[in-house]
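In case you want the letters, here they are:
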Amino acid sequence: MLWGSRFDKQFDKTALEFSSSLSFDVNLIEWDIKVSKAHANMLASIGILTSNENDQIQTGLDNIITNYNKGTWKPDKNKFEDIHSAIEEELTNLIGDAGKKLHTARSRNDQVITDVRLWIKDSCKILIKNIIDLQKSIINLAEQHAKTLMPGYTHLQRAQPISLAFHLLAYVEMLERDKKRLEFTFNSADECILGSGALAGSTIKLDRNLVAKQLEFSSVSRNALDSVSNRDFIIDFLNAGNIAMMHLSRFSEELIIWTSYEWNFIKLGDEFTTGSSLMPQKQNPDIPELIRGKTGRVYGNYFSLLTVMKSLPLSYNRDLQEDKEGMFDSFETLNNSLIMMNALIGSLEVNKNRFTKEIDGSFMLTTDLADYLVTKGVAFREAHNILGEIVKYATDNNRKLNELSLEEYKNFNKVFEEDVYKYLSAETCLENKKTIGSPNLQMVKKSIENWKIKLGIN
Ligand code: ARG
């Protein structure tokens, strides 16, 4: 135990079991070693350690991580409260008295969160890379489907025709925002708090900038009390995870719908679907269903930490140990979901002409026809009424819009001309769009080109 001498009795075994974080903070081992090495170098630079002692500490810490990775050293869960104390004791076992100097002017309160900050920075980088990989896959798919028509929906009712490429590009935009939130999180974690001590710094003149420099933090925190209490950047990390999972979940939901017999729009690769133990014909989209399902636990992790934080007095309280499990879990869940979504996108086959016939001459084109009337001088509200009447007439007569004759159109308003049919075909409906950000075929192609440049696809 790190605090032995003041106590008459050993810490209770069940209390240790209850309070130990070792089973999960062992994930921080690599970062904890780095932090200790930087701290020891700094202690040597200000004369607290001799250079010989520092050398012993550096070698001892290197050996600990090597032995851990080889499996020849395993921190004992029945003995230690956390990874920090396990490493400190192992160091003293390995190198003797020099090991006892490592914790000078340091508390686990500033140590643990320095580790976490480094872990978050690395995790943001990994997630950003996997987001970019997913964006690339989506762009590759979009490129093949600039002309694949599908209904665009509002209220899950067919609204206006769009292309699959246009639909997919919406997800590329969402992922781009997810990346920005992770960049923001990276920056909020990018501050070195080591040297804050338990809560009030140290009487020893630590060179905090030297520690920050070695650990590649871009700045040093200003207030020790805040430094050991602050978990905002973990909450930012969890929230970046919330929103990214929400995006992946919406995408999953659409993939699930599109694979249904009723939609019959896409097929997921056999290698990513499962069968039923009872119904021989079934092919189930379990992977997107699980991504959708796992979104719940990620939201839960976020809310859990926010709740832990809400009434903590300054500064460190042991409640703060509850910050880690959800953080690891959200990272794993989001990272695996990004990887699986990427694999799904690569595996899917699209039934390209599924909607072409249905869109040709369909009521989904009535808004474009109202625009047509407006360009012929009819007021929009009147055009809307006229189109309402036309839809009613066509429905009653069981006909599509391109099956009505020009005579019939002229009965509704004489401004209709032969060129009305240009607005009614599946062939031309996307070409007719003019606004920036619309599914206009050329604009979508241009947008795909721009993404390819931005994402470095050649
Ligand atoms: N396991 C602790 C945590 O994760 C480390 C810090 C312990 N500090 C303390 N004063 N008991 O928060």
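Going by the structure above, here's the rest.
Residues numbered from 1 in each chain as written. Predicted model: local features only at pLDDT ≥ 70, side-chain atom pairs only at ≥ 80, totals over all residues. Heavy atoms only, no water.

(A) Layout of the overall build of the protein. Check the secondary structure of the protein and you find 17 helices and 4 strands. Expressed as lengths along the three principal axes of its C-alpha atoms, the size of the protein is roughly 100 × 55 × 45 Å. The 458 residues of the protein split such that 49% are buried. Once local pairs closer than 6 in sequence are excluded, the contacts in the protein between residues at least 24 apart make up 77%. On the protein, roughly 23000 Å² of surface is accessible, and the fraction owed to carbon and sulfur atoms is 52%. Side-chain charges in the protein split into 55 positive and 62 negative, and the spacing between the mean points of these groups amounts to 2 Å. (Helix = DSSP H or I, 4+ residues; strand = E, 2+ residues; numbered from the N terminus. Buried < 20%, exposed > 50% of the residue type's maximum accessible area, 1.4 Å probe, protein only. Contact = heavy atoms within 4.5 Å. Areas by Shrake-Rupley, 256 points an atom, 1.4 Å probe, with all protein chains shown as cover. Lys, Arg positive; Asp, Glu negative; His and termini not counted. Charge placed at Lys NZ, Arg CZ, Asp CG, Glu CD.)

(B) Structural detail: the site of the ligand. The environment of the ligand is made up of S21, E81, D82, R108, N109, V112, Y316, Q321 and K324. One of the side-chain N or O atoms of Y316 is found 2.5 Å from an oxygen atom in the ligand. When residues in the shell around the ligand are grouped by element, the largest group, 3 residues, is from helix α6 (residues 108-143). (Near = heavy atom within 4 Å. Polar contact = N/O pair within 3.5 Å; in protein donor to acceptor, adjacent residues only side chain to side chain.)

(C) The packing of aromatic side chains, seen in detail. What the rule picks out here adds up to 12 aromatic pairs. Ring centres 5.5 Å apart and planes at 70 degrees place the aromatic pair Y393 and F412 in the edge-to-face group. Pair noted here: Y393 is in helix α15 (residues 380-396) and F412 is in helix α16 (residues 406-412), with a separation of 19 residues, a long-range link. Residue class for F412 comes out partly exposed when judged on its relative accessible area of 23%. The ring of F233 has R117 lying over it, and the distance from NZ or CZ to the ring centre is 4.1 Å. (Phe/Tyr/Trp six-rings, centres within 6.5 Å; stacked < 30°, edge-to-face > 60°. Lys NZ or Arg CZ within 6 Å of the ring centre and 35° of its normal.)

As far as function goes, none of this settles anything; it's purely spatial.
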